[in-house]
Amino acid sequence: MKSGFIAICGRPNAGKSTLLNQIVGEKVAIVSNKPQTTRTKILGVYTEPDLQVVLIDTPGIHKPHNKLSQRMEKYIYTATEDIDALVYVVDCNIKDAELDAEKEALCGLKTADIPVILAVNKIDTKERLELLPILDKLKDLYPFAAIVPISAQKGNNIPALFDNLKGFLSEGPKFFPDDVITDQPERQIVAEFIREKALRLLNKEVPHGIAVEIERMKLKDSGTYEILAAIYCEKQSHKGIIIGKGGEKLKQIGKQARTDIERFLGTKVYLELWVRVKEDWRNKENFITEIGFE
Ligand SMILES: Nc1nc2c(ncn2[C@@H]2O[C@H](COP(=O)(O)OP(=O)(O)OP(=O)(O)O)[C@@H](O)[C@H]2O)c(=O)[nH]1
Ligand SMILES: [Mg+2]
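Residues numbered from 1 in each chain as written. Chains lettered and ligands numbered in written order. Predicted model: local features only at pLDDT ≥ 70, side-chain atom pairs only at ≥ 80, totals over all residues.

## Observations concerning the site of ligand 1
No. 1: With respect to spatial proximity, 24 residues lie near ligand 1, and among them Gly15, Ser17, Thr38, Gly60 and Gln153 are the closest.
No. 2: Per-element accounting of the shell around ligand 1 gives the leading share, 3 residues, to helix α1 (residues 16-24).
No. 3: Its residues assigned to classes, the shell around ligand 1 comprises 6 nonpolar, 15 polar and 3 charged. (Near = placed C-beta within 6 Å. Helix = DSSP H or I, 4+ residues; strand = E, 2+ residues; numbered from the N terminus. Nonpolar A, V, L, I, M, F, W, Y, C, P; charged D, E, K, R; others polar.)

## Remarks on unusual backbone geometry
No. 1: Unlike most non-glycine residues, Gln36 shows phi in positive territory, near 65°.
No. 2: One can find Gln36 in the loop between α1 and β2 (42-48).
No. 3: The phi dihedral of Lys204 falls on the positive side, at around 55°, and the residue is not glycine.

## Looking at the pairing of strand β9 (residues 225-233)
No. 1: Across 8 bridges, the pairing between strand β8 (residues 211-219) and β9 is antiparallel. Directly across from Arg216, in β9, lies its bridge partner Leu228.
No. 2: Where β9 meets strand β10 (residues 269-277), 9 bridges bridge the pair, whose relative direction is parallel. What sits directly across from Glu226, in β10, is Tyr270. (Pairing = 2+ DSSP bridges.)

## Digging into the environment of Val180
No. 1: Within the element layout of this structure, Val180 appears in the loop between β7 (170-171) and α6 (186-201).
No. 2: Remark: the alpha-carbon pair of Val180 and Tyr46, spanning 134 residues in sequence, is separated by 8.6 Å.

## Some details on the nonpolar core
No. 1: Counting 74 residues, the largest nonpolar core has Tyr88, Ala119 and Ile194 as its most contacted members.
No. 2: The biggest single contributor to this core is α6, with 7 residues.
No. 3: Setting aside its immediate chain neighbours within four residues, Tyr88 contacts Cys9, Gly10, Leu106, Val116, Leu118 and Ala119. (Core = buried A, V, L, I, M, F, W, Y, C linked by C-beta atoms within 7 Å. Buried ≥ 20, exposed ≤ 12 C-beta atoms within 10 Å, placed from the backbone. Contact = placed C-beta atoms within 7 Å.)

Written out as structure tokens, the structure reads:
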């Protein structure tokens, strides 16, 4: 029996959560094209009869600009303690001007004693020949244990990456029962599915200031889950944008979220969404703790 803990790190939008979902085979972490989608560390568990890998998805590495980002940064650094290896994900569409930021992010991870595997992601967006000079530049950033070009979204080369990771596991027990795929409670996953739809359907600064709290979640005798959730935003003007003309935007968020939640819970769902304003909540420690960031 072999097992181990492997953290997935990298700058925002690199595709870390997409990679986690691809390896676990289920959506356990939400994904969007907005940077800083992931706000905590999320465990994804992959189990075979004689092997278990616990992957830890983390928020994208960025300079903290409010109390929420400071907490996000803490999740990154606690995720990289006591791990067997680290997968560093980089988007192959990286520009030369971003190489220094990438190097700084890597150095900040303090991985001196941990093998770091570079996953060069989104190769489905490039021709093979275009990729070679990029790989050449990236290899100089850090003494990587391996470099594996992948497409987390399409699944290209994921078996090669996974085979590589297996080499860093050691003899040890399973840390989770065979049927567990994540450490997140049901309520949190439901809240995250709603936040994902809000991130995808909203633009500019509105999505970054959103938090979702499940206020009630109850399984009725009829077999339907009744869920009441609050979408918090930072400004009164944002509330109007989230609700949209005639309530259309909020309806769309609810409809898309409900589809995901029903699939995940395996039951019918009645979902009611409210929009609430909490001025500057990303700088309010108590509120941040209250909505689930420990
Ligand atoms: N074309 C392509 N797009 C990808 C791939 N992997 C991820 N993406 C897209 O890149 C965007 C960011 O993906 P995420 O998985 O949310 O990235 P992340 O690194 O977790 O981002 P943060 O949580 O914000 O740090 C999404 O729009 C994904 O659909 C890939 O292999 N190919
Ligand atoms: Mg993410």
